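# Per-entry structural report
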Amino acid sequence: MKKEIKNGFMANLPISISVFAYGAVLGIICTSKGISFLQLALMNIFIFAGSAQFLIVDMLSNPVNISVIVWSALLINLRYFLIGASLNNLFKSSSLKRKALIMHFVTDESWAVTMNRKEKDINVFFLLGGGLCIFIVWFLGTLCGYYFAEFISNPKVYGLDFAFLALFIAIVTSMYKSKNDFIIYLSTAIIATILEKIIPNMSYIIVSALLGSFLYVYLNKRKSHE
């Protein structure tokens, strides 16, 4: 168990550099919005979802009903239902308690690194190790951003605002295997762009992800029949 956790932790270290960078951006934003570090730390511990935390921090500074904030955060995190489904084989022998604990630490980054591993002995502890790596680095990033915000008043000058996008570009490219993947990426991106203009909330993310998943299944089934 300890070995797998360590392997998962080390495997996620390279990609955690970007996590630290956009964690720092969140910390900087929190100081400008008047959010205390205790509030930020509690979000890191109990929510631990970068995109949702950015959304919550932005909405907290505006006169918005708390139910709207909660609903928006839930919508933007619905993709974890798909991520959880893709990890079903990994959790076959795990108890519900263990699943809940490990899934809390699952991130887009640790999921992508785990899914790209070819070793047959990869298990939930490797996934947990990756999640713990991202959690620690994310926490340190928000901490540094919060307390050193006065030295980095404008993250764009240092390119930190691009870190979030760069991270997901790295994840997508690392999972590219064939031209079918390119078709799926492009189609899903186009669908998401169109739905963003039509749907007045974050649910366009999960809808476009589901449509992209169906396209993936269809193309792979057709390929297996050829």
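These numbers were taken from a predicted model, which means no experiment stands behind them. (Residues numbered from 1 in each chain as written. Predicted model: local features only at pLDDT ≥ 70, side-chain atom pairs only at ≥ 80, totals over all residues. Heavy atoms only, no water.)

Turning our eyes to something else, we now look at the overall build of the protein chain. The helix and strand tally for the protein chain stands at 12 helices and zero strands. Its helices and strands taken in sequence order, the protein chain reads α-α-α-α-α-α-α-α-α-α-α-α from the N to the C terminus. The buried share among the 226 residues of the protein chain stands at 41%. Residue pairs in contact within the protein chain that sit at least 24 positions apart in sequence constitute 76% of those at least 6 positions apart. Entry remark: accessible area of the protein chain is about 13,100 Å², with carbon and sulfur atoms responsible for 68%. (Helix = DSSP H or I, 4+ residues; strand = E, 2+ residues; numbered from the N terminus. Buried < 20%, exposed > 50% of the residue type's maximum accessible area, 1.4 Å probe, protein only. Contact = heavy atoms within 4.5 Å. Areas by Shrake-Rupley, 256 points an atom, 1.4 Å probe, with all protein chains shown as cover.)

Here we take up the confidence of the model for the protein chain. With 81% of its residues at a pLDDT of 70 or more, the protein chain has an overall mean of 80. For the protein chain, the element scoring lowest by mean pLDDT is helix α10 (residues 163–174), at 61; helix α9 (residues 124–147) scores highest, at 93. (pLDDT = per-residue confidence, 0-100.)

Moving on: the UniProt feature "transmembrane region" (unreviewed entry) in the protein chain. This chain's UniProt record puts "transmembrane region" (unreviewed entry) on residues 12–30, 37–56, 68–91, 124–149, 155–175 and 204–220. As annotated, residues 12–30 comprises 95% helix and 0% strand, and the C-alpha atoms at either end are separated by 26 Å. Split by type, residues 37–56 is 85% helix and 0% strand. Its first and last C-alpha atoms lie 14 Å apart. (UniProt positions renumbered as here; feature names shortened; annotations may be inferred.)

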